[in-house]
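Structure assessment
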Amino acid sequence: MPRYVALLRAVNVGGTGKLPMTELMAMCVDEGFTDVQTYIASGNVVFSSKLGAPKVKAALEKRLHAYAGKPVGVAVRSADEIAAVLKANPFPKAPPNTTVAIFLDEPPPKDALKDIKGHQDEQMRLGKREIYVAYGSGMGRSKLKIPAAANGTARNLNTIAKLAELAAKDPSS
């Protein structure tokens, strides 16, 4: 059965979208997902499902909308896709805790980095359905705004590595 990683947007970050991870796990189990495991309280969940990624996304977004009373975006990647995001990191020498992949539903437009604002020492590259950013001076000091990433959700490379590891595990072992 396929393994997936779901990444929720704006959950338990900066006081918005409070969602206990036990609730997220329960939603996943109620949808028939198995081997459900959350990782840190920022809306990361790994599970198995017979459904394809689009149906997984739709099911989770419907549940989350009912729970939160507003839309909550979800990016879904298969175990292979999350591993590929990690492997494709264009900034292997940058610190993994200050390098992120911003997960998008669609491939970023080729000119996605044209209209950025607040650029300082950040490096950016486009991925398949991601925008990679290495924050030279750290994320906390950055004023970077990427309009093409407005509906995405970012995870640092340390988190992505852990999610790839969890998704790659055979739940039956």
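Above this text you will find the structure in question.
Residues numbered from 1 in each chain as written. Predicted model: local features only at pLDDT ≥ 70, side-chain atom pairs only at ≥ 80, totals over all residues. Heavy atoms only, no water.

This brings us to the pairing of strand β2 (residues 34-38). Alignment of β2 against strand β3 (residues 44-48), held across three bridges, turns out to be antiparallel. Across the sheet, residue T38 finds its bridge partner in β3, namely V45. From the end of β2 to the start of β3, which pair antiparallel, there are five residues, and I40 there has a positive phi angle of about 45°. (Pairing = 2+ DSSP bridges. Helix = DSSP H or I, 4+ residues; strand = E, 2+ residues; numbered from the N terminus.)

Taken in spatial order, the four strands make up an open sheet running β6-β7-β5-β8, and their pairing is antiparallel. Only two strands of the sheet have a single neighbouring strand rather than two, namely β6 (123-126) and β8 (153-156). Direction aside, the axes of adjacent strands within the sheet are offset by 20° on average. Of the strand pairs in this sheet, strand β5 (residues 99-103) and β8 are connected by four bridges, and their pairing is antiparallel. Residue F103 lies in a different strand from β8, and its bridge partner there is T153. With respect to the sheet, helix α4 (residues 157-168) is in contact with β5 and β8, its orientation differing from that of β8 by roughly 85°. (Axes fitted to C-alpha atoms, helices over the stretch in contact; angles between N-to-C directions. Contact = heavy atoms within 4.5 Å.)

Keep in mind these values describe shape, not function.
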